[in-house]
Amino acid sequence: MAQRRVVVTGLGCVSSVGNDVRTAWENVRQGKSGISRITLFDASQHQVQIAGEVKDFDINSYGVDRKISRKMSRMTRFLLGASIEAANDAGFSAENLKDEKTGIVTGVGIGLSDDLETAYSKYFDPSSGVNRIPPLTAPLVLNNEAAAGVAMHFQILGPSWTLSTACASGTDAIGLALDMIRSGRLDVCFAGGVDANITGFNIGCYQALSALTNKFNDNPTKASRPFDKNRSGFVMAEGSAVLILEEYEHAKSRGARIYAEVAGYGASSDAYHITAPREDGSGGALAMRRAFEDAGMRPAEVQYYNAHGTSTSANDSAESAMIKSVFGDYAPGLHISSTKSEIGHMVGAAGAVEAVMCIKAMESNFVPPTINLEEPDLEHGCDLDYTPNVGVPCEISAAASCSLGFGGHNGCVIFRKIQA
């Protein structure tokens, strides 16, 4: 029996570089950074004072009732906004999504830290205490609350799942959705990721870990610089990205516009370190090889690779080694870029927004740049073509993206232009 094919028919995005896919893609394509000074809390006492904040976002402009949106977390609003855009893009409505074979898989990396921080501040304040904890705290701090909000909005009756594999969550959500449709359990699935993680406590935690850069507070747009010799840590970002995955014949039968086919997915665990990847990139390489095996493709069939590219010393050198291991002699000719240089690191949504960028790159036949790449870190093996500072036209028939998460979670997804 032939395996059911899975295609992408809708895209949605809420990010530091734009609150819709068109705006986000154009800004990334042009190398415009969304990194700025933090406004969501008073960061004056923090060493890290910059982030990729979502700006000018209003979920009510998507047609969501204010009485309902007031009871939503920031994270739910982001996921719902991206989901509504993706559903509209795919030509779906609540009427034709209300089906037992429509589902949701959402990746969450950090979770509802904003609502949790608000509740804790009330609880530990002697002037308020336990009796002033906001009454909706319990449901709002559940990581599944965002996906549940989308299910309720669209009246989706199929499974509504949330998974968490740190920075690989968005990619793994796409992989799980792919398997659910291939198996016949679903015909349509919202697949993506979300995080709303720019709070004083969360930034403080990653600051204490020395994971975030604190050297560009006065020049935020220069802060995220993957593969550059002078990188000094990643830049936290928030937002959401959602892809509508659909069984190929189902999409054809309703005359849907098809962006790309989800060709393959692979995952692995480093089983090595709680924050650092294996130095030789072997864990991520295993996930990538599994994705190519799943797709029935050779590495040389991919023209563009959207890197995890966090702008940390450990990731960028290990990922470069990973690419060389998998692509071999073809690696020097592979077009690579890290769109985290413009967007920042959206953690649970990172893999999903980077999947969107892969699809837009294929659609536009254009490789977006890695900005702020002024001097590649050759000493640590960062000597590939990362598309420094200026994007380039390129015929792209297939693209891949890998995500490498804390705890050693690795996920890889491959997209290709649809073939009849």
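Residues numbered from 1 in each chain as written. Predicted model: local features only at pLDDT ≥ 70, side-chain atom pairs only at ≥ 80, totals over all residues. Heavy atoms only, no water.

Caption draft 1: View of the nonpolar core. Grouped together as the largest cluster of nonpolar side chains are 48 residues, with contacts concentrated most on Val8, Leu243, Leu245 and Phe415. Sorting elements by how many residues they give to this core places helix α14 (residues 350-364) first, with nine residues. Counting residues in each nonpolar core, the second largest holds 32 residues, with Ala82, Leu112, Val242 and Ile244 among its members. (Core = buried A, V, L, I, M, F, W, Y, C linked by side-chain atoms within 4.5 Å. Buried < 20%, exposed > 50% of the residue type's maximum accessible area, 1.4 Å probe, protein only. Helix = DSSP H or I, 4+ residues; strand = E, 2+ residues; numbered from the N terminus.)

Caption draft 2: Expanded view of the side chain of serine 268. Among the secondary structure elements, serine 268 is positioned in strand β8 (residues 260-269). Side-chain polar atoms of serine 268 contact the backbone oxygen of glycine 283, separated by 2.5 Å. (Polar contact = N/O pair within 3.5 Å; in protein donor to acceptor, adjacent residues only side chain to side chain.)

Caption draft 3: Looking closely at the packing of helix α1 (residues 21-29) against α14. At a closest axis distance of 11 Å, the pairing of α1 and α14 adopts a crossing angle of 75°. Taken together, the axis directions place α1 and α14 in an arrangement best described as roughly perpendicular. Counting all contacts with α1, which are made through Val21, Ala24, Trp25, Val28 and Arg29, the residues of α14 involved are Val356, Met357, Lys360, Ala361 and Ser364. Class assignment for the residues of the contact of α1 with α14 results in seven nonpolar, one polar and two charged. (Axes fitted to C-alpha atoms, helices over the stretch in contact; angles between N-to-C directions. Parallel < 35°, antiparallel > 145°, perpendicular 65-115°, else oblique. Contact = heavy atoms within 4.5 Å. Nonpolar A, V, L, I, M, F, W, Y, C, P; charged D, E, K, R; others polar.)

Caption draft 4: Just the environment of lysine 122, in detail. Among the secondary structure elements, lysine 122 is positioned in helix α5 (residues 113-124). Classification of lysine 122 as partly exposed rests on a relative accessible area of 32%. Considering only alpha carbons, one finds lysine 122 and alanine 355, 233 residues apart in sequence, at a separation of 39 Å. In this view, lysine 122 contacts Ser128, Gly129, Arg132, Ile133 and Pro134; residues no more than four positions away in its chain are not counted.

Caption draft 5: How the structure looks around the pattern of salt bridges. For the structure shown, the criterion picks out 19 salt bridges. The salt bridge partner of aspartate 89 is arginine 257, with a shortest N-O separation of 2.6 Å. You can see aspartate 89 sitting in helix α3 (residues 74-90) and its partner arginine 257 sitting in the loop between α10 (248-253) and β8, a full 168 residues away along the chain. A relative accessible area of 27% places aspartate 89 in the partly exposed class. Overall, arginine 257 belongs to the partly exposed group, its relative accessible area being 38%. A salt bridge links arginine 225 to aspartate 228, with the nearest nitrogen and oxygen atoms 3.2 Å apart. (Salt bridge = Lys/Arg side-chain N within 4 Å of Asp/Glu carboxyl O.)

Caption draft 6: Quick peek at α3. The first and last C-alpha atoms of α3 sit 25 Å apart over 17 residues, in line with the 24 Å expected at 1.5 Å per residue. In terms of residue burial, α3 counts as a mostly covered element, since 13 of its 17 residues are buried. Glycine 91 sits one or two positions beyond α3 and adopts a positive phi of about 80°. (Expected span 1.5 Å × (residues − 1).)

Caption draft 7: Geometry of a nonpolar patch on the surface. On the surface, a cluster of nonpolar side chains totalling about 600 Å² of accessible area is made up of Leu116, Tyr120, Tyr123, Phe124, Val130 and Ile133. Topologically, leucine 116 is positioned in helix α5. (Patch = residues over 30% accessible without salt bridge, like charges linked within 9 Å, V, L, I, M, F, W, Y side chains within 5 Å. Areas by Shrake-Rupley, 256 points an atom, 1.4 Å probe, with all protein chains shown as cover.)

Caption draft 8: Local environment of the packing of aromatic side chains. Counted under the stated rule, the structure contains 10 aromatic pairs. Both rings, one in phenylalanine 154 and one in phenylalanine 190, keep their centres 5.3 Å apart while their planes meet at 40°; by these two values the pair is tilted. Pair noted here: phenylalanine 154 is in helix α7 (residues 145-154) and phenylalanine 190 is in strand β6 (residues 188-195), with a separation of 36 residues, a long-range link. For the pair formed by phenylalanine 154 and phenylalanine 190, the shared burial category is buried. Look at phenylalanine 292 and phenylalanine 327: their rings are 5.8 Å apart centre to centre, the planes differ by 85°, and that puts the pair in the edge-to-face class. Taken as a pair, phenylalanine 292 in helix α11 (residues 282-295) and phenylalanine 327 in helix α12 (residues 313-327) lie far apart in primary sequence, 35 residues in all. Neither phenylalanine 292 nor phenylalanine 327 differs from the other in exposure class; each is buried. Here a set of aromatic residues connected by ring pairs shows up, and it is made of Phe57, Tyr62 and Phe78. Over the ring of tyrosine 248 we find arginine 5; its NZ or CZ atom is 4.4 Å from the centre of that ring. Lying over the aromatic face of phenylalanine 366, arginine 29 brings its terminal NZ or CZ to 4.2 Å of the ring centre. (Phe/Tyr/Trp six-rings, centres within 6.5 Å; stacked < 30°, edge-to-face > 60°. Lys NZ or Arg CZ within 6 Å of the ring centre and 35° of its normal.)

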